[in-house]
Number of protein chains: 2
Amino acid sequence: MEAAVSLFNVKGYSGTSIRAIAEKAGVNVALISYYFGNKQGLMERLMIDFLEEYTNITEKGYRDLANSTAKDCLSYVVENLLKYQQQNHHLARFVHREVTLDSTLVRELMMTYFMKEKHFMKNIIEAGVKQKEFRPVASDFASIQIRALVTMPYSQPQYIREVYHLNPHETYFSQKYYSHIEKWLNEFLYKSVLV
Amino acid sequence: MEAAVSLFNVKGYSGTSIRAIAEKAGVNVALISYYFGNKQGLMERLMIDFLEEYTNITEKGYRDLANSTAKDCLSYVVENLLKYQQQNHHLARFVHREVTLDSTLVRELMMTYFMKEKHFMKNIIEAGVKQKEFRPVASDFASIQIRALVTMPYSQPQYIREVYHLNPHETYFSQKYYSHIEKWLNEFLYKSVLV
């Protein structure tokens, strides 16, 4: 699976053959066919694995609303989504790219995972606004903006590397980047409305 | 060229043949070959056209530092990048996707366009910090974050449409989204440090 993802990131999904994947992985084509059926099956499996865990992190943040502040829940989600992408950076890059295509699979994944993610994020933001922990913001735009900040270095790692000379796949980067997002959130969202 | 971009957005670059492009455009293959050489030539032309104008907008904001505030320069850049992407949304989506691949072309485009863009953005931010119009922020991270916010709806338009039921290709959306980015910038960056 790692071989597949690394080839997809160089040549794109359509530009990569099952034969090339098998060669890079040092296994034979039949083994891949046995486990995944075909290239489409392999891709689906990769995307589902990634999005399942990605969505679980947001869901955990949402469930914690019952016994923590909205601020802590949101910070938990942001920090752990960054860490998860940093640890699975090849796969993150592949999935973030593939979901920009107009396919039936992508539409299904959106209905299954991204709708849930939106639900959890909007609920965390709305809880914060309601409890006056957050400024009154439009939860849909705030949620889109937070997602933009969280995914950017992992959908565009090469840009970050070549243009900014920073390495999104390093723990150091995800921690530093997290602290910068927290600064935005502090000023924009968390600054007490009661001051 | 529109036919090519719309096919690339459904099937990806490698999944689209010159023949399919010619068919969709209602011209013959020879005409495309005459103008662009081959599919690679067509793609290069599309990406360069898009990035040339994209970079020009940021450059204009940077040049205006000579006779406006850093805040006005940055707002100009953000507003016009959103408008430009909204007006060229098919192309924007294609380019934002293709630059996530590891190819020689992408590396060259980064050196040519993205390095310039970074230079302009960092200079605007640093000018604002120096003149105490902006809070003291790390200009590289702030620049990455602003780029994340500005490109998100146009690299992921289908996500915005299907999950949030908003339409990034409409003027209404780009204006509304701009006002939300301005709110972030107001709280995070522009809030006077002298209060």
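Here the structure is a predicted model, which is why all the values come from computation and not from measurement. (Residues numbered from 1 in each chain as written. Chains lettered and ligands numbered in written order. Predicted model: local features only at pLDDT ≥ 70, side-chain atom pairs only at ≥ 80, totals over all residues. Heavy atoms only, no water.)

Engineer: Outline the packing of aromatic side chains, supporting the account with residue identities and numerical values.
Structural biologist: Enumeration according to the criterion identifies 29 aromatic pairs over all chains in this entry. Each ring, one from A:Phe50 and one from A:Tyr84, has its centre 5.2 Å from the other, and the planes form 25°; the classification is stacked. Placement of A:Phe50 in helix H4 (residues 39–63) and of A:Tyr84 in helix H5 (residues 70–87) is noted, with a sequence separation of 34 residues between them. Here A:Tyr84 falls in the buried class, since its relative accessible area comes to 11%. An aromatic cluster is defined as three or more aromatic residues linked by ring pairs; in this entry it consists of A:Trp184, A:Phe188, B:Trp184 and B:Phe188. In this arrangement the basic side chain of A:Lys39 is found over the ring face of A:Tyr13, its NZ or CZ atom lying 4.4 Å from the centre. Across from the ring centre of B:Tyr159, 4.6 Å away, lies the NZ or CZ of A:Arg147, which sits over that ring. (Phe/Tyr/Trp six-rings, centres within 6.5 Å; stacked < 30°, edge-to-face > 60°. Helix = DSSP H or I, 4+ residues; strand = E, 2+ residues; numbered from the N terminus. Buried < 20%, exposed > 50% of the residue type's maximum accessible area, 1.4 Å probe, protein only. Lys NZ or Arg CZ within 6 Å of the ring centre and 35° of its normal.)

Engineer: Tell me about the interface of chain A and chain B, and name the residues and values.
Structural biologist: With 55 residues of chain A in contact, the opposing surface of chain B contributes 55 residues. Broken down residue by residue, the surface that chain A buries against chain B is led by A:Phe141, A:Tyr164 and A:Trp184, which jointly contribute 15%. Counting every contact that joins chain A to chain B gives 6 salt bridges. The residue A:Glu187 makes a salt bridge to B:Arg135 at a minimum N-O spacing of 3.1 Å. In this assembly, chain A and chain B are joined by 15 residue pairs in polar contact (both at pLDDT 80 or more). Counting only elements with at least two residues in the side of chain A that touches chain B, the list comes to helix H1 (2–11), helix H6 (89–98), helix H7 (104–130), helix H8 (139–155), helix H9 (157–164) and helix H10 (171–190) of chain A. No other element matches the 11 residues that H8(A) contributes to the side of chain A that touches chain B. Looking at the side of chain A that touches chain B residue by residue, the class counts come to 27 nonpolar, 14 polar and 14 charged. (Contact = heavy atoms within 4.5 Å. Buried area = accessible area lost by both parts, 1.4 Å probe. Salt bridge = Lys/Arg side-chain N within 4 Å of Asp/Glu carboxyl O. Polar contact = N/O pair within 3.5 Å; in protein donor to acceptor, adjacent residues only side chain to side chain. Nonpolar A, V, L, I, M, F, W, Y, C, P; charged D, E, K, R; others polar.)

Engineer: Now, about the side chain of A:Arg147: what can you tell me, with residues and values included?
Structural biologist: With respect to the secondary-structure elements, A:Arg147 resides in helix H8. Ignoring sequence-local partners within four residues, the contact set of A:Arg147 consists of A:Tyr54, A:His96, A:Phe114, A:Glu117, B:Met152 and B:Tyr159.

Engineer: Summarise the relation of the copies chain A and chain B; cite the residues concerned and give the values.
Structural biologist: Mapping chain A onto chain B calls for a screw motion: a turn of 180° about the axis and a shift of 0.0 Å along it, with 0.0 Å RMSD after fitting. Expressed as a symmetry operation, the mapping of one chain copy onto the other fits a two-fold axis. When you check the interface residues of chain A against chain B, 100% turn up at the interface there too, and the contact is symmetric in its surfaces. (Least-squares fit on C-alpha atoms with pLDDT ≥ 70 in both.)

Engineer: Residues and numbers for a nonpolar patch on the surface, please.
Structural biologist: Residues and elements named next belong to chain A. Together, Val 27, Leu 31, Tyr 34 and Tyr 35 line one region of the surface with nonpolar side chains, adding up to about 460 Å² of accessible area. Of note, Tyr 34 is situated in helix H3 (residues 29–36). Under the relative-accessibility criterion, Tyr 34 is labelled exposed at 67%. (Patch = residues over 30% accessible without salt bridge, like charges linked within 9 Å, V, L, I, M, F, W, Y side chains within 5 Å. Areas by Shrake-Rupley, 256 points an atom, 1.4 Å probe, with all protein chains shown as cover.)

Engineer: Mind laying out the domain arrangement of chain A, listing which residues take part and the relevant values?
Structural biologist: The extent of an interface is frequently quoted as the accessible surface area lost upon association of the parts. All names here are of chain A. What the domain assignment lists for chain A is domain 1 (1–37) and domain 2 (44–190). A separation of 28 Å is found between the C-alpha centroids of domain 1 and domain 2. Contact residues are listed per partner, giving 6 residues for domain 1 and 9 residues for domain 2. Considering only the surface of domain 1 that becomes buried against domain 2, Met 1, Val 5 and Asn 9 emerge as the three largest contributors, covering 61% of it. (Domains from an automatic or database assignment.)

Engineer: Please provide a residue-by-residue account of the environment of A:Leu149, values included.
Structural biologist: Residues and elements named next belong to chain A. Examined against the element boundaries, Leu 149 turns out to sit in helix H8. The class of Leu 149 is buried, set by a relative accessible area of 0%. Spatially, the C-alpha atoms of Leu 149 and Trp 184 are 10.0 Å apart, while their sequence positions differ by 35 residues.

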